[in-house]
Amino acid sequence: MLRFRIGRWRFSLNVVHVTDVAGVNSILPDGKHILMWDFDGVKPQQVIESLAEVQAKYKLPTIYILYTGKKGHYMAYCFKRLDWQKAIEILAATKYIDMTYFRFGVWRKKFTLRITPKDGRKIRLFTKLDSPYPEDATINELDSFVKYETISDIYEPKCKTREINIGVRG
């Protein structure tokens, strides 16, 4: 990343290696949402415990936890039909959720999880948290898909960010 400042304006240029993927959105045809979580840099037990906690608190049906193929990176789905505000409340109450994922989802008014391989890593079922509460949405109802680019794992930056300040000091 190259950053420079002219007076009160800062300019940034990012050069990163990206990869194209596809994802599914949380929104259902009736405007409700299912729950989707993203966890980055956490231990499997932390994911399980945090999801079990919200599952019990909110009486959620089965939660499916998926492993992305990268150490410490997990996703989860719960086929519970919810109003947008309730979905946000539940995700916000989930420990260890990736906050960048959460912020972007709130801003976009839907959450998105990748469904295609990334850099050759395939998503697979890790475990599921069973529940006595029934699911009230199905995978077949998911009809909002998106293609997007994400930062590739193949390229790891080897240099530090440089900042250049241009302007009058005073």
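Residues numbered from 1 in each chain as written. Predicted model: local features only at pLDDT ≥ 70, side-chain atom pairs only at ≥ 80, totals over all residues. Heavy atoms only, no water.

(A) Region of interest: helix 2 (residues 84-92). Within the span of helix 2, buried status applies to Trp84, Ala87, Ile88, Ile90 and Leu91. Buried residues in helix 2, looked at end-on, bunch into an arc of 165°, giving them a common side. When the buried face of helix 2 is taken as reference, the exposed residues oriented beyond 90 degrees from it are Gln85 and Ala92. (Buried < 20%, exposed > 50% of the residue type's maximum accessible area, 1.4 Å probe, protein only. Helix = DSSP H or I, 4+ residues; strand = E, 2+ residues; numbered from the N terminus. Arc of directions from axis to C-beta.)

(B) Quick peek at the layout of surface pockets. Its boundaries defined by the atoms lining it, the second largest pocket holds a volume of some 150 Å³. Along its surface, the second largest pocket is lined by Val24, Tyr64, Leu66, Tyr77, Phe79, Ile115, Ile139, Leu142 and Phe145. Elements represented by at least two residues in the lining of the second largest pocket include exactly strand 5 (63-67) and strand 6 (73-82). Residues that form the lining of the second largest pocket fall into these classes: 9 nonpolar, no polar and no charged. (1 Å grid on protein atoms, 1.4 Å probe; cavity = no way out; pocket = protein on both sides within 12 Å on 5 of 7 lines; lining within 4 Å. Points joined across faces, edges and corners; volume = space filled by probe spheres on them. Nonpolar A, V, L, I, M, F, W, Y, C, P; charged D, E, K, R; others polar.)

Structural measurements only, silent on function.
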